[in-house]
Structure formats: C-alpha cells, structure tokens
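Notes for the structure review
This is what each chain is made of:
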Amino acid sequence: MHIDPRSSWYPYRLVLPVLAIELVFVGVPLVIGVYYSLHKADYFQLSGFVGLANYVTVIQSPIVRESLAATAIFSVFSLAVTFGVGLALALYLERDTRLHVFARAVVLVPYTIAMLVGSMLLKWIFSRDAGFLTMALGPFGLPDASILADPNGAMAALVYNAVWRDSAFAMILLMAGLKGIDPQMYAAARVDGASAWYRFRRITLPLLRVPILITLIRLLIHFVNVLTFALILTGGGPNNATQTMGLAMYRMGFVDFRLGPANALAFLVLLFNLVLIAILLRLFRQRRGAAA
Amino acid sequence: MSWQRRALLRKSVNAAVVVAICIVALFPILWGLSTSLKPANAILEYPPQLIPAAPTLEHYRQLLTTGIHKYILNSAIVSIVTVFLCVMLAALAGYALARFSFRGKSLVLFVIVAVMSIPLPSLMVPTFTFLALLGLNNTLTGLVLLYTAYQLPLAVWVLYGYFQTIPSEFENAAMIDGYSRLQALRRVVLPLSRPGLIAAGLFTLTFAWNDFVVAVVMNSSDDARTLPVAIYNYLGFFGREWGPLTAAAMVSIVPVIVVFVVFQKYFLSGMTGGGVKG
C-alpha cells in the first residue's frame, strides 16, 4: 500500500486507529448506557421505554442518598488530608539530594502497586486478628476491637487508605509545579531579607496556583468515583456507613443486576465528572498559556 | 551552639523525618511480607513477631494448589499484548500530532485529554452492557481492547510530547535517502524516542497488571480470570486466613516493585502527563 505523505489525508490515517478505538470502547458504551437508562431492563432484556423513571428511582433511592453522604464525607476529608500531605512532601522532598530522591521513590510505592492489594494489606493491619493495632493502641487504653466495626472508625480507615496511596500522586503533580518556579525569585527575595514563610506565601503559593487547582480537581475526580478502597477495606460497612457512590453503583449493576437504574446513576455521575473535567481542561489551557 | 553541631542536628532531624516517611509508606507492605512467610500458627501470635522466627513458603505452595499460576499467566498475557498494541497505535497518532498540522487536530487533542480524565468506575456499567452485547465479556481479548482504549490517551500524550523534542531534520534526511515516512518513523524517530516509549509502555503495563475494577466487572469465568480478580476471590475463599492472602498480595506486588525500581524515572512523566527527560 502506498500512501503519499504529502496528501492531506495522511495525518488522519495515523490518528484513525486511536480515534476508532476510543469511539467504539468509550463512545458507544456511553450511548448504549443512556439508551438502557431510559428503558426497563431485566438483566439484558429490554422491556419497554420508561422515560426518566429510572432516574427518578435513582434520585429517590435511600441507598443512593446514603452513598452520596458517605461519598461527600470521604471525598472532603481525603481531599484535604491528601492534598496537605502531598504539598508537605513536595516542599520537603523537592531538593535533589540522594536521601530525598530515595524518599520520593519510597513514597511512590503505595501508588504503583495494585489498589486492591494496598487496601487488602491495610485491612489486615486494621483487623483485630493482626494484633498489631491492639499492641500499638493498647497503651492508650483504646478498646480491643477492630476500628472497621465502628462507623466513624471505618470512615477514618477509608480516608487513611486514600491518603496512604494518593499523597504521592499529589506530591508528583505539585513538585512538577515547584520545579517550574525560577530559583532566582527565591534568591532575590532572600537578598531582600524575606523569611521562609513570606517566600512561601508570596512566591510559591501564587506561582503554584494552577498546579494546585489541577491537583485538587484530579484528586477530587478520583475520590468521588473510586470504589476499590471501600469494596475491599470496609465492604461499605458497617451498616452502609462507608458505602460510597462508586460502590453503590457497582452493587446496583453487578450484584443486583438492575441495569436500568445502574445506567441512569452512571450517567448522572458522568455528568458530574464532565463538569470537573471541563474545569480541568480550562486549567490545562491556562498552564500552557502561562508556559508560552 | 556551634555551626558544626547545628549542621549535624539538622542532618539527623532530616534523616529521622525521611525514615518516618518511609516507615509509614512501606509498613503495610513489609508487614504483609512478614505475615506471608510465617507458619499459620505464628500469624495470630500476640504480641506479633515483626520478623518471622521460622520463615516458611507454605502459603505460597498452597496458592499453587489453587491454580494461581493460571491467573498470573492470564495477567501477563493481557498486560504484554496491551502494551504492544497501545504503544504501536500511540506512536502513529503521537507522530501525526507532533509533525503535522491538520484540521481537527485540536479536537483530537481535546478528545485525548478528556478520555484521559474520565474515571473508570463511572464507565463500567454501560461498558459491561456493551461488551456483553458483543459477547466479549469473559474473554481476555475484551480486556485487552478495553485496557488499550483506556491507556491509549495517556500513551499518545506522552509520545506526542516526546516526538516534539526530536528535531525533524533526522527523518527528513532519512526520507531524502529513500525511506518512506513510516520507515523513517520506525528506523529513525522511534530509536531516538526510547525514554518516551518506555514511559508509555510502563504506564500501560502497570495499569493492565494492576487493574481490578475493569476485570472484575467484565470477566467472571475462571478461564479468563486475571490475578487481581483471583486475589479478590481469595478474600472470600480464605476469609481470615491471612497467610495465603498476604502471599497472594506479594505475588502481585513483587513484579511491580522490580519494574518500578529499574525504571523509576520514567514513571513520573506519565503521572504529570508528559515531559519525559531522556
């Protein structure tokens, strides 16, 4: 086959396979999902158009409402702590000494291993059988019970899981922003006698504004949707206290096989995600504008 | 305090903080490793032994009787095929984006960044519906296609960024010597782009090896089960027998950590979305 590189079709042929795969495996499922969400579906048998009935079911469902509350609590706490820890790590480990480069790599390990495995290993630590938490907390007079059995304890464990895994992600994004700041700015401020706190407030934070916002939104998208942490670590329990929306949707679709409402919920979640993604794309454009 | 003493103090505080960070990050993994090597009766001992007094491989042997090698093989096949497919297609698209200006190019870039940002869990219900209609659920092929679709945007993005850093004079010279454009890409540009290719490949590899959410939804048959889904099933099967459970966790982790240690610097570029340094 001969392709003339000067023909104006040439670049399209090169990007076509990628676009075709995205269209078939991301685009088409979305359309089918919307179609299913408007029908009564028993397993895969569609029986009749029901309009927005599935959406009404989802919005009125107490399980979905409970899961929204759990998702909000989980996301807010995870976002705040993960971002804080990530920023602290980025500032602390930014220097390229051997010790700091090593520490950066170590912090990344929980992020690189399978999410499922990380949550499982934490579950083992938090379980009463391990005896580890009992030993560590015993001297403080805390009860000899698994913290996963208590609603607040389980939520705290879930947030801990998110922070343990994803702080490294925040660290890397923020550190890339930090490296983009001209060191001469700090040198100049130092000559003028600016304190470390002043330099942070007046140089680092303003120049890091876009990377900070990008980090916050990418973390938020992840936390709002993630289901592995809750599925493995707490199983959504006790008493649905940690059943986040991702997990509720998973169960509606793949445990109860209610594909109509599950697709309706999936579409609502996708709309919410698209709002966040739209903000993210704007920020990317700003970053590129700032770099140019 | 003299400045030497202050410097020494500073150094030791620094080292202590780094040690604390490492302990928090690694403890769950090391504790799992320790548990996986203890004989069953030592696992629940109180106070727990931090380092197993009499290490044993019995839990790993037990996993072999459940056929874990089959699941490892499935995961390896899916991961490797996905990497090749993904990097090959991404190289073509990344090259077109880096070298040509064409109508709709910014739309292509927009699609790529948008798909990259869509969180997978929100896609699973409709995707399962679609894959089941195609009859591709419960197959490794289905997983390869989905993983490729999910990782292509990132791979294109990384390679697009990398190709831009390579001067086009090299290919132009090769094409004057009679290479076609694709030959020039394969023989000239790609060999110069090793760091970019490695970064794109690594990200795809760890994604495919680690993925649980997509695989658990799409594949329920034993023949098409990948390692993370097998581990999830072990959680139900072994219940509170943490010996085989932690051993299975180690089987999943060790290859990732080896790859990570060898290729560490390439990982970072994928996470920030581009900008690999050679």
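Please read these numbers as outputs of a predicted model, since none were measured by experiment.

Scanning chain B from terminus to terminus reveals 14 helices and 0 strands. Its C-alpha atoms give chain B a radius of gyration of 24 Å, more than 25% over the compact-globule value 19 Å for 278 residues. For the C-alpha atoms alone, the extent of chain B along its principal axes is close to 75 × 70 × 35 Å. Per-residue burial over chain B gives 46% buried out of 278 residues.

A tally of regular secondary structure across chain A gives 13 helices and 2 strands. C-alpha atoms of chain A, sized along the principal axes, occupy 75 × 75 × 35 Å. Considering chain A as a whole, with its 292 residues, one finds that 42% of them fall into the buried category. Here the contacts in chain A between residues at least 6 apart in sequence split such that 71% fall between residues at least 24 apart.

On the side of chain B, 73 residues touch chain A, which itself brings 67 residues to the contact. At the level of elements, α1 (10–37), α4 (98–112), α5 (115–126), α6 (132–137), α7 (151–179), α10 (209–225), α12 (245–254) and α13 (259–291) of chain A are the ones that each hand at least two residues to the side of chain A that touches chain B. No other element matches α1 of chain A, which puts 17 residues into the side of chain A that touches chain B. Residue composition of the side of chain A that touches chain B, by class: 55 nonpolar, 10 polar and 2 charged.

Here we come to the domain arrangement of chain B. Residues and elements named next belong to chain B. Assigned domains within chain B: domain 1 (3–56) and domain 2 (60–272). Contact residues are listed per partner, giving 8 residues for domain 1 and 7 residues for domain 2. Secondary structure elements with two or more residues in the side of domain 1 that touches domain 2: α1 (3–36) and α2 (40–43). Per element, the largest residue contribution to the side of domain 1 that touches domain 2 is 5 residues, and it comes from α1.

Residue and element names in this part refer to chain A. Among the structural elements, Ile147 can be located in the loop between α6 and α7. You can call Ile147 partly exposed: it has 19 C-beta atoms within 10 Å. In this structure the C-alpha to C-alpha distance between Ile147 and Met185, which are 38 residues apart in sequence, comes to 48 Å. Non-local contacts of Ile147, meaning those with residues more than four positions away in its chain, are made with Phe126, Leu133, Gly153, Ala154, Ala156 and Ala157.

This part is about the packing of α1 of chain A against helix α5 (residues 105–117) of chain B. Following both chains from N to C, one finds α1 of chain A and α5 of chain B inclined at 45°, their axes separated by 12 Å at the closest point. With respect to each other, α1 of chain A and α5 of chain B are oriented oblique. Relative to α5 of chain B, the crossing made by α1 of chain A is left-handed. Between α1 of chain A, through Val15, Leu19, Glu22 and Val26 of chain A, and α5 of chain B, the contact on the second element is made entirely by Val108, Val111 and Val115 of chain B. Considered class by class, the residues forming the contact of α1 of chain A with α5 of chain B number 6 nonpolar, no polar and 1 charged.

Attention now moves to the environment of Pro255 of chain B. Residues and elements named next belong to chain B. The residue Pro255 is located in helix α13 (residues 242–262) in this model. Judged by the 17 C-beta atoms lying within 10 Å of it, Pro255 is partly exposed. For the pair Pro255 and Trp209, spaced 46 residues apart in the sequence, the C-alpha separation amounts to 9.3 Å.

We now examine the packing of helix α4 (residues 68–99) of chain B against helix α10 (residues 194–210) of chain B. Residue and element names in this part refer to chain B. Contact geometry for α4 and α10: axes closest at 9 Å, N-to-C directions at 145°. Where α4 crosses over α10, the two elements pack in a sense that is right-handed. Mapping the contact onto sequence places Ser75, Val78, Ser79, Thr82, Val83, Cys86, Val87 and Ala90 in α4 and Leu197, Ala200, Gly201, Thr204, Leu205, Ala208 and Trp209 in α10. Among the residues forming the contact of α4 with α10, the class breakdown is 10 nonpolar, 5 polar and no charged.

Residue and element names in this part refer to chain A. The terminal C-alpha atoms of α7 lie 41 Å apart, and with 29 residues this matches the ideal 42 Å at 1.5 Å per residue to within 8%. Its axis deflected by about 45° at Asp166, α7 carries its strongest bend there. Among the 29 residues in α7, 22 count as buried, and that is most of the element.

The next subject is the pairing of strand β1 (residues 39–42) of chain A. All names here are of chain A. When β1 meets strand β2 (residues 45–49), the two strands line up antiparallel, connected through 3 bridges. Note that in β2 the partner of Ala41 across the bridge is Leu46. In this antiparallel pair of consecutive strands, β1 and β2, the connection spans 2 residues, and Tyr43 shows a positive phi of 50°.

All names here are of chain B. Confidence in the prediction for chain B averages 89 pLDDT; 96% of positions are at 70 or higher. Ranking the elements of chain B by mean pLDDT puts helix α14 (residues 264–272) last with 67 and α4 first with 95. Taken together, the stretch residues 274–278 has pLDDT below 50 and engages in 14 contacts with residues farther than four places along the chain or on a different chain.

So, on to the domain arrangement of chain A. All names here are of chain A. You can read the domains of chain A as domain 1 (31–60 + 258–277) and domain 2 (62–255). Once you take the C-alpha centre of each, domain 1 and domain 2 turn out to be 31 Å apart. Taken together, the contacts link 10 residues of domain 1 with 9 residues of domain 2. Per-class residue counts for the side of domain 1 that touches domain 2 are 8 nonpolar, 1 polar and 1 charged.

It is worth spelling out the confidence of the model for chain A at this point. Looking at chain A, pLDDT values average 87 and 91% of them are 70 or higher. No element of chain A has a lower mean pLDDT than α6 of chain A, at 68, and none a higher one than helix α3 (residues 62–92) of chain A, at 95.

Right, let's get into unusual backbone geometry. Residues and elements named next belong to chain A. Positive phi, close to 55°, is recorded for Asn239, a residue that is not glycine. Following the sequence through the fold, Asn239 ends up in the loop between α11 (228–234) and α12. Classification of Asn239 by C-beta neighbours within 10 Å gives exposed; the count is 10.

This part is about the environment of Ala103 of chain A. Secondary-structure assignment places Ala103 of chain A in helix α4. Judged by the 22 C-beta atoms lying within 10 Å of it, Ala103 of chain A falls in the buried class. With 11 residues separating them along the chain, Ala103 of chain A and Ala114 of chain A place their C-alpha atoms 20 Å apart. Excluding its chain neighbours within four sequence positions, the residues that come into contact with Ala103 of chain A are Leu93 of chain A together with Val18, Ile21 and Cys22 of chain B.

The rules behind each value
Residues numbered from 1 in each chain as written. Chains lettered and ligands numbered in written order. Predicted model: local features only at pLDDT ≥ 70, side-chain atom pairs only at ≥ 80, totals over all residues. Helix = DSSP H or I, 4+ residues; strand = E, 2+ residues; numbered from the N terminus. Rg over C-alpha atoms; globule rule 2.2 N^0.38 Å. Buried ≥ 20, exposed ≤ 12 C-beta atoms within 10 Å, placed from the backbone. Contact = placed C-beta atoms within 7 Å. Nonpolar A, V, L, I, M, F, W, Y, C, P; charged D, E, K, R; others polar. Domains from an automatic or database assignment. Axes fitted to C-alpha atoms, helices over the stretch in contact; angles between N-to-C directions. Parallel < 35°, antiparallel > 145°, perpendicular 65-115°, else oblique. Left-handed = near helix turned anticlockwise from the far one by under 90°. Expected span 1.5 Å × (residues − 1). Bend = angle between axes of the 7 residues up to and from the residue. Pairing = 2+ DSSP bridges. pLDDT = per-residue confidence, 0-100.

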